[in-house]
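The lines below spell out each chain.
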Amino acid sequence: MTTLRAFLCTFTFFAIMSLAHAAPDSEGFVPVQPGEVLAASESIPARNLVAAAYGFIFAALAVWTLTVQVRSRRLEAELESLRAKLPR
Amino acid sequence: MKLKPLSLVLATLAVLGLLWAPFLIVGAPREPTMGFVQKIFYFHVPCAWVCFLSAFVCAFGAIAYLFRDAEWGERLAASSAELTVVFGLCTLVTGPLWARKAWGHWWEWDVRLTLTLLLWMIFIAYLFARRYGGPGGKKLAAGLAIFGAANVPLIYLSVSIWRSIHPKTSVVPTLDPGMRPAFWVSFLTFTILYFVLLEARVALERARASLDALYLEAEDRGLFDGDPV
């Protein structure tokens, strides 16, 4: 009986191990099947990337300069109104 | 916003440079390995340079404010910190656009990239600390600026110290003669632009200081109490 149990345990252990070993890895590489046509790899044209880079720089600098201009105008308006309230 | 005569001359030079540089960049020889996407280099590197320069100027102002109690230092530091964030953002956006084509992915947790992101975040923290830090906020922000600037030499040397996929610092000194005019015009243009923008931003801080002084004067004279002045 003990021998049978030992045999069953060993058999089960190796069965699980071999199944685990043989199980396909969901994150692994999948070989190309014979005759399978590969999809063209995704590629962003370099022109778009260069245009996006230069466009972003110009836009960022323009927006920042505009915010400085707006803040400056608000401050000057506030200064003027306060100066008008203060008697000389 | 009124610019001083020197600033006006510099602003004109910066605008002329920004108009001229694209022609030089288009005319520069194409790099054989990366192809057309390498053209990002001509604005990416000057943006990074200005970001670093701005961080140093900010730290200089912060030191003057912390140890000499110089208000001009605080104004200079605050103005330069904002520009560090703007040019840092330009660097952090244009880099991944270049990397997408050159490396095949947008971002790599490379030492130089990570440290640059950290630098940008430190200066964001500076602006928050200064704005919302309460009475001691300006001092805390000044401390942050010094730490941020200390990061700059590390970013520059990182590609030589650690293994990195980012191009090395030897790229600029060994640049092809055909690529040099486009690069140096962009570099000079961005440097001039930085000083023009800094001057405009410092003027804003000066105006804010005048307003604060005027409010104090108005309060002293009881303008806000409803009392006769």
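Since the model is a prediction, treat every value here as computed from it, not as a measurement.

1. Observations concerning the overall build of chain B
Summing up its helical and strand segments, chain B has six helices and zero strands in all. Considered along the principal axes of its C-alpha atoms, chain B spans approximately 75 × 40 × 30 Å. Across chain B, every contact between residues at least 6 apart in sequence was considered, and the portion connecting residues at least 24 apart equals 74%.

2. Quick look at the nonpolar core
Counting 66 residues, the largest nonpolar core has Ala53(A), Cys47(B), Ala55(B), Cys58(B), Ala77(B) and Ala145(B) as its most contacted members. Counting residues per element, the ones that place at least two in this core are α2 (46-85) of chain A together with α1 (5-27), α2 (41-68), α3 (71-102), α4 (111-132), α5 (137-161) and α6 (180-220) of chain B. Broken down by element, this core gets its largest block of residues, 15 residues, from α2(B). In this structure, Cys58(B) is in contact with Ala77(B), Ser80(B), Ala81(B), Thr84(B), Ala145(B) and Ala149(B), ignoring residues within four places of it in sequence.

3. Quick word on the interface of chain A and chain B
If you look at the interface, chain A gives 26 residues, while chain B gives 31 residues. Looking at the side of chain A that touches chain B, its residues break down into 17 nonpolar, three polar and six charged.

4. Some words on the packing of α3(B) against α4(B)
All names here are of chain B. Two elements in contact, α3 and α4, have axes whose closest approach is 9 Å; the angle formed by their N-to-C orientations is 145 degrees. Classified by chirality, the crossing of α4 by α3 is left-handed. Of α4, the residues touching α3 (which contributes Ala-78, Ala-81, Glu-82, Thr-84, Val-85, Gly-88, Leu-89, Thr-91, Leu-92 and Gly-95) are Leu-113, Thr-116, Leu-117, Leu-119, Trp-120, Phe-123, Ile-124, Tyr-126, Leu-127 and Arg-130. Its residues assigned to classes, the contact of α3 with α4 comprises 13 nonpolar, five polar and two charged.

5. Topic: the environment of Gly143(B)
All names here are of chain B. Note on placement: Gly-143 falls in helix α5. Judged by C-beta crowding, with 13 C-beta atoms within 10 Å, Gly-143 ranks as partly exposed. Residues Gly-143 and Leu-92, spaced 51 residues apart in sequence, show a C-alpha to C-alpha distance of 24 Å.

6. Some points on α5(B)
Residues and elements named next belong to chain B. Over its 25 residues, α5 runs 35 Å from end to end, which matches the ideal 36 Å to within 8%, given 1.5 Å per residue. At Ile-155, α5 shows its maximal kink, close to 30 degrees. The set of residues buried in α5 consists of Ala-141, Ala-142, Leu-144, Ala-145, Gly-148, Ala-149, Val-152, Ile-155 and Ser-158. Packed against the buried residues of α5 are α2, α3 and α4.

7. Some thoughts on the environment of Tyr132(B)
Inspection of the secondary structure assignment puts Tyr132(B) in helix α4. With 103 residues separating them in the primary sequence, Tyr132(B) and Pro29(B) have C-alpha atoms 49 Å apart.

8. Quick word on the packing of α4(B) against α5(B)
The description of two helices packed together rests on the angle between their axes and the distance between the axes. All names here are of chain B. Taken N-terminus to C-terminus, the directions of α4 and α5 make an angle of 170 degrees; their axes are 9 Å apart at the nearest point. Accordingly, the angle class assigned to the pair α4 and α5 is roughly antiparallel. Residues belonging to the contact of α4 with α5 are distributed by class as follows: 19 nonpolar, five polar and three charged.

9. Observations concerning unusual backbone geometry
Its identity as a non-glycine residue notwithstanding, Asp69(B) has a phi of 60 degrees, on the positive side. Along the chain, Asp69(B) turns up in the loop between α2 and α3.

10. A few points about α4(B)
Residue and element names in this part refer to chain B. For α4, with 22 residues, the first-to-last C-alpha span of 31 Å sits near the 32 Å given by 1.5 Å per residue. Of the surrounding elements, those touching the buried residues of α4 are α2, α3 and α5. Looking at the residues trailing α4, positive phi occurs at Gly-134, about 75 degrees.

11. Description of the environment of Trp184(B)
All names here are of chain B. Structurally, Trp-184 is set in helix α6. Residue Trp-184 is classed as partly exposed on the basis of its 16 C-beta neighbours within 10 Å. Distance from Trp-184 to Val-172, taken between C-alpha atoms, is 9.7 Å for residues twelve residues apart in sequence.

Reading guide: rules and limits
Residues numbered from 1 in each chain as written. Chains lettered and ligands numbered in written order. Predicted model: local features only at pLDDT ≥ 70, side-chain atom pairs only at ≥ 80, totals over all residues. Helix = DSSP H or I, 4+ residues; strand = E, 2+ residues; numbered from the N terminus. Contact = placed C-beta atoms within 7 Å. Core = buried A, V, L, I, M, F, W, Y, C linked by C-beta atoms within 7 Å. Buried ≥ 20, exposed ≤ 12 C-beta atoms within 10 Å, placed from the backbone. Nonpolar A, V, L, I, M, F, W, Y, C, P; charged D, E, K, R; others polar. Axes fitted to C-alpha atoms, helices over the stretch in contact; angles between N-to-C directions. Left-handed = near helix turned anticlockwise from the far one by under 90°. Expected span 1.5 Å × (residues − 1). Bend = angle between axes of the 7 residues up to and from the residue. Parallel < 35°, antiparallel > 145°, perpendicular 65-115°, else oblique.

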